[in-house]
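Chain by chain, the residues run as shown.
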Amino acid sequence: PRLANQIAAGEVVERPASVVKELLENSIDAGATRIDVEVENGGVRLIRIRDNGSGIPKDDMALSLSRHATSKISALEDLESVASLGFRGEALASISSVSRLTLTSNHEGQDSGWKVFAEGRDMETISSPAPHPIGTTVEVRDLFFNTPARRKFLRTEKTEFGHLEEVVKRLALSHYDVAFTLRHNQRTIHQLRPAKTRVEMERRVATLTNPQLMDNAVVIDMESESSNLRLWGWVGLPTFSRAQTDLQYFYVNGRMVKDRLIAHAVRQAYRDVLYHGRHPAFVLYLELDPAQVDVNVHPTKHEIRFRDGRTVHNFLFSTLNRTLASVRP
Ligand code: ADP
Ligand code: MG
C-alpha cells in the first residue's frame, strides 16, 4: 500500500504548492475561520498549517493518514485510472509518503490534543497526547527527502514560494470569511483579517493582487434570471491592462478555473478596448446551478465543462461588454 501511495503522490504532490493546496482545502472543509501558514525554504524544509476547524477525533487520526491506502493499485497499468480518480481521500497519505508529517489535532469533548507522526514509506505512526486548541496543525518537513528524483525537479526557493503564495492567494480570494496569515522564513508575507463588507473585501483584493487595481476597476454584479446565472466581482479598466496574464482570477461556484470558454468570452468583451499584447485584469465569480457544471473533467487541472456553454459564454460576454462600454470615456 505504501508503494501505491508513493506512485499516487507523484501524480499530485508535485511541489510544495500542491501540499499547501491540499492542506488548506482540508482546513476549509473542517470549517476553519482562521488559518496560519508557515513555511521555510519555499516549503521544502517546512510547511506548517494550523487551523481552528473542527479538529480530528483521536481515534480517527491514524486513519486519516492511512485512509484509502488500500491495494487499489495492483499493476502499473492501473496508474492512469488512479490519476483520474484524483486525490480524494489520499492527500494526507500521499503527502506523508514523501515527507515527514506530524498531525496534531484536538476535537471538541477530548481532554487534550493528540499527535501522530509518519515518515516516508514506514508509516510508523505513534500517537501521544499533545496540547492543542480545538483544530488541527499539519507539519510537513523535508518534502521529497526519500524521492531524490522528484526533489531534483524543484526550482529555486523563490520560485517554489511564488507558486505556494499563489495557492494561498487563490483560496483567500474565494474565502473572504476566513482569516489567513502566511509567513516565509520567519517573515510575515500576508496577514488577512476576515472580510465581510465590500470595502473589506476590496481591501483584501487590493492586498493580494495589486493596490492599484481597486482604483481602476468597475464593480460587477449581474444576474440573469432566465438562465439562473450570476456574475460578480471586479474588472479592471482597459487602461489597467497588463503585459502579462498575472491578474486574472475567475471562480466558478467558488472554485478557481482557467477555462478556454471563459477566457474567450472575456477576450471578446475586451477586444475593441485593449491594444494588442495587453491582458485585462479581473477577479470574477460566476455562480450557477451546480448541476450545470462538470468540475471533474480533470481533478488536478482547472478545466470545467458547462452543460450549456453557449448561454454561459453569451452571458459573460454581454455582461462584461456592456460594463466596459458604460465606462468608456
Ligand atoms: P479528503 O480530504 O479527500 O477526505 P485527506 O487525505 O485530505 O482526504 O484527509 C483525510 C481526512 O482527514 C479528511 O477526510 C478529514 O476527515 C481529516 N482531516 C484532514 N485534515 C483535516 C483538518 N485540517 N481538519 C479536520 N480534519 C481533517
Ligand atoms: Mg483533502
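Just so it is clear, the model here is predicted, and its values are computed rather than measured. (Residues numbered from 1 in each chain as written. Chains lettered and ligands numbered in written order. Predicted model: local features only at pLDDT ≥ 70, side-chain atom pairs only at ≥ 80, totals over all residues.)

Colleague: It is not clear to me how the sheet that holds strand E4 (residues 113-119) should be interpreted in this structure. Could you clarify?
Modeller: The strands that make up a sheet are held in pairs by hydrogen bonds between backbone atoms, and each pair lies either parallel or antiparallel. Pairing within the open sheet is mixed, and its eight strands lie in the order E5-E4-E3-E6-E2-E1-E7-E8. Strands with a single pairing partner mark the edges of an open sheet, and in this sheet they are strand E5 (128-130) and strand E8 (187-192). Mean inter-strand twist for the sheet, computed between neighbouring axes without regard to direction, equals 15 degrees. In this sheet, strand E2 (residues 46-51) lies alongside strand E1 (residues 34-40) in antiparallel orientation, the contact comprising six bridges. The residue bridging Glu40 from the neighbouring strand is Leu46, located in E2. Contacts from helix H3 (residues 58-66) reach strand E3 (100-106) and E4, with the element oriented near 20 degrees to E4. (Pairing = 2+ DSSP bridges. Helix = DSSP H or I, 4+ residues; strand = E, 2+ residues; numbered from the N terminus. Axes fitted to C-alpha atoms, helices over the stretch in contact; angles between N-to-C directions. Contact = placed C-beta atoms within 7 Å.)

Colleague: Is there a simple way to think about the nonpolar core in this case?
Modeller: Among soluble globular proteins, nonpolar side chains are generally buried collectively. Ranked by size, the top nonpolar core spans 71 residues in total, and within it Val19, Val20, Ile95, Val168 and Leu316 carry the most contacts. Sorting elements by how many residues they give to this core places helix H7 (residues 157-172) first, with six residues. Residues contacting Val19, with those up to four places away along its chain left out, are Val13, Gly43, Ile47, Ile95, Val140 and Leu143. (Core = buried A, V, L, I, M, F, W, Y, C linked by C-beta atoms within 7 Å. Buried ≥ 20, exposed ≤ 12 C-beta atoms within 10 Å, placed from the backbone.)

Colleague: Would you explain the site of ligand 1 in this entry?
Modeller: The environment of ligand 1 is formed by 18 residues, the closest being Asn26, Ala30, Ser64, Ala91 and Leu92. Taken together, the residues of the shell around ligand 1 break down into five nonpolar, eight polar and five charged. (Near = placed C-beta within 6 Å. Nonpolar A, V, L, I, M, F, W, Y, C, P; charged D, E, K, R; others polar.)

Colleague: Looking at this model, I keep getting lost on the pairing of strand E10 (residues 229-236). Mind explaining?
Modeller: Residues in a regular strand project their side chains so that they alternate between the two faces of the sheet. Judged by how many residues are buried, E10 sits mostly within the fold: six of eight residues are covered. Sheet topology places strand E9 (residues 217-224) next to E10; eight bridges connect them, and they run antiparallel. Residue pairing across strands places Glu223 opposite Arg230, the latter belonging to E10. Remark: four residues form the turn of the hairpin made by E9 and E10, two consecutive strands paired antiparallel; Asn228 in that turn has positive phi of roughly 60 degrees. Where E10 meets strand E13 (residues 282-287), six bridges bridge the pair, whose relative direction is antiparallel. Of the residues in E13, the one forming a bridge with Leu231 is Leu286.

Colleague: Whenever I open this one, the packing of helix H9 (residues 260-270) against helix H10 (residues 309-327) confuses me. Can you help?
Modeller: Geometry of a packed helix pair, given as the angle between the helix axes and the separation of the axes. Between H9 and H10, whose axes approach to 8 Å, the crossing angle comes to 30 degrees. Relative to H10, the element H9 lies roughly parallel. Taken as a pair, H9 and H10 cross one another with a handedness that is right-handed. Of the residues in H10, those in contact with Leu261, Ile262, Ala265, Val266, Gln268, Ala269 and Tyr270 of H9 are Gly309, Val312, His313, Leu316, Phe317, Leu320, Asn321 and Leu324. Looking at the contact of H9 with H10 residue by residue, the class counts come to eleven nonpolar, four polar and no charged. (Parallel < 35°, antiparallel > 145°, perpendicular 65-115°, else oblique. Left-handed = near helix turned anticlockwise from the far one by under 90°.)

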